[in-house]
Amino acid sequence: MKHRQTRQRLAKMRRSVFLGCGSYLPEKIVTNDDLANRLDTSDEWITQRTGIRQRHIAFEDENTSDLAIEAAKVALKRASLDASEIDLVIVATATPDNTFPAVATRVQSKLGIKQGAAFDVQAACSGFIYALNTTDNMLRLGQANKALLIGSECFSRIVDWNDRGTCVLFGDGAGAVVLGTEDGDGQNTDRGVLSTHIYADGDYYEHLCTDGGPSTNGKAGVVKMEGREVFKHAAVRMAEAVETSLSRNGFLIGDVDWLVPHQANMRIMDSVAKKLSIEKSKIIVTVDQQANTSAATIPLALADAESKGRFCSGDLISLTAMGGGFTWGSALVRW
Ligand code: ACO
């Protein structure tokens, strides 16, 4: 009898659960036609190659932390939590206000959070998945109880606005999620984060990077990208990462209710969908309205879908991203 009780207790597993999502997009919208007025490009070219129709661009006096704080306030409200209950703040970003300290510390201060840790995670467009991995591990280990996880970017600050090959692709914005914990049974029917999977291959460092940095030339630099190489790897790696998360948890693609891919480009998402054989109707798409906001795309897409009531409790949601490094990864979540 004693033996059976011990086994039952061990079977309990602490899971990280999503409690609320929020987003913030700067008011200023720049359409493809706006860009075509000052660059040798067209709405037709951008829409056909990327699916992007417009992007939000931060005003000069808006920083990554400002966007993050606004998104966090919405997420906290949706989670019905007071900021004072948060004991972990992680911001995924490649465009911090300052080289240091971390954006997360400013968010922590401005929200009046007086406890726990606050730091940034930098994995370019995969930043949210990397940060979710860290958050999930800390929550499951009991190193924190309530976490605020934010993807926030002012990518417009690091694009060359005269380079039509890159500037048309990006936008600014922030998405935030609040996570707490719940006891599960350790089964794939549990609510919450079922698993996360993160990867990198630094041999591709030069294929997607900025041409500056604090220890090289003392500047932030601007985005340099080998578009076709990025395209090829993004489609393959994101599909692979999703498949790994499914097989690790005993699922098939047909079990997935929603796929939330990093929103780089509609054609990359189409290619991932084709490789996985998942219906396009199951893919959350925001790239048309928001363009590529790097580490913010996934939490922005989650907030968009949640606010439209698209997710139901118990839905199986697959998240995946790929970005500079190259870095990539996936997460499987039961809503
Ligand atoms: N408007 C008009 N013409 C353009 C533009 C533009 N905005 N940009 C490039 N072109 C031209 C090029 O100059 C080239 O002209 P040329 O034939 O006279 O030399 C022509 O279009 C084709 O250029 P390519 O770069 O070969 O175009 P491609 O079909 O590869 O499409 C694109 C470019 C959309 C960037 C594609 O490579 C792509 O989607 N790559 C993925 C990159 C991406 O999404 N990166 C985001 C960051 S990474 C991430 O988040 C995962």
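Note that the structure is predicted; figures quoted are calculated from it, not measured.

Here we look at the overall build of the chain
A tally of regular secondary structure across the chain gives 11 helices and 13 strands. If you line up the chain on its principal axes, its C-alpha atoms span 75 × 45 × 40 Å. In the chain, which comprises 335 residues, the proportion classed as buried is 55%. Partitioning the intrachain contacts of the chain with sequence separation of at least 6 by distance along the chain shows that 76% fall at a separation of at least 24. About 14900 Å² of surface is accessible on the chain, with carbon and sulfur atoms providing 47% of the total. Charged side chains in the chain number 37 positive and 41 negative. The centres of these two groups are separated by 6 Å.

Some thoughts on the site of the ligand
Around the ligand sit 23 residues in total, of which Thr41, Arg49, Arg164, His262 and Asn265 are the nearest. Separating a nitrogen atom of the ligand from a side-chain N or O atom of Trp45 is a distance of 3.4 Å. Between the ligand and Asn292 there is a distance of 2.9 Å, counted from an oxygen atom to a side-chain nitrogen or oxygen. At the level of secondary structure, the elements contributing two or more residues to the shell around the ligand comprise helix H3 (43–50), helix H7 (164–167), helix H8 (227–248) and helix H9 (266–276). At four residues, the largest contribution of residues to the shell around the ligand is made by H8. Across the shell around the ligand, the residue classes tally to 11 nonpolar, seven polar and five charged. Here the shell around the ligand spans two domains, since at least three of its residues come from each of domain 1 (13–184) and domain 2 (192–334).

A closer look at the pattern of salt bridges
Side chains that differ in charge, positive against negative, can pair when their charged atoms come close. Tallied over the entire structure, the rule returns 13 salt bridges. Between Glu182 and Arg191 there is a salt bridge, with its nearest N and O atoms 2.5 Å apart. Residue classification places Glu182 among the partly exposed positions, given a relative accessible area of 31%. Judged by its relative accessible area of 31%, Arg191 is partly exposed.

Considerations on the state of the cysteines
Applying the stated criterion across every chain, the model contains zero disulfides. Sulfur of Cys21: no disulfide; nearest cysteine sulfur belongs to Cys312 and is 14 Å away. Overall, the relative accessible area of 3% leaves Cys21 in the buried class. Left without a disulfide partner, Cys125 is nearest to the cysteine sulfur of Cys209, which lies 13 Å away.

Looking at the nonpolar core
Counting residues in hydrophobic clusters, the biggest one holds 41 residues, and the most contacted among them are Val223, Leu259, Val272 and Leu276. Counting residues per element, the ones that place at least two in this core are H8, H9, strand S12 (316–323) and strand S13 (327–334). If you tally residues by element for this core, the top one is H8, at seven residues. Per-domain counts for this core show at least three residues from each of domain 1 (13–184) and domain 2 (192–334). Aside from chain neighbours lying at most four places away, what touches Val272 is Ala234, Ala235, Met238, Ala239 and Leu259. Membership of the second largest hydrophobic core comes to 36 residues, among which are Val121, Tyr130, Ala301 and Leu302.

Quick word on the domain arrangement of the chain
Domain annotation for the chain reports domain 1 (13–184) and domain 2 (192–334). When each unit is reduced to the centre of its C-alpha atoms, the spacing between domain 1 and domain 2 is 14 Å. Taken together, the 53 residues of domain 1 in the interface contact 49 residues of domain 2. A buried area of about 3900 Å², summed over both sides, lies between domain 1 and domain 2, and 65% of it is on carbon and sulfur atoms. Summed over the three residues of domain 1 that lose the most area to domain 2, namely Cys125, Ile129 and Tyr130, the buried surface amounts to 17% of that side. The interface formed by domain 1 and domain 2 contains one salt bridge.

What counts as what
- Residues numbered from 1 in each chain as written.
- Predicted model: local features only at pLDDT ≥ 70, side-chain atom pairs only at ≥ 80, totals over all residues.
- Heavy atoms only, no water.
- Helix = DSSP H or I, 4+ residues; strand = E, 2+ residues; numbered from the N terminus.
- Buried < 20%, exposed > 50% of the residue type's maximum accessible area, 1.4 Å probe, protein only.
- Contact = heavy atoms within 4.5 Å.
- Areas by Shrake-Rupley, 256 points an atom, 1.4 Å probe, with all protein chains shown as cover.
- Lys, Arg positive; Asp, Glu negative; His and termini not counted.
- Charge placed at Lys NZ, Arg CZ, Asp CG, Glu CD.
- Near = heavy atom within 4 Å.
- Polar contact = N/O pair within 3.5 Å; in protein donor to acceptor, adjacent residues only side chain to side chain.
- Nonpolar A, V, L, I, M, F, W, Y, C, P; charged D, E, K, R; others polar.
- Domains from an automatic or database assignment.
- Salt bridge = Lys/Arg side-chain N within 4 Å of Asp/Glu carboxyl O.
- Disulfide = S-S within 2.5 Å.
- Core = buried A, V, L, I, M, F, W, Y, C linked by side-chain atoms within 4.5 Å.
- Buried area = accessible area lost by both parts, 1.4 Å probe.

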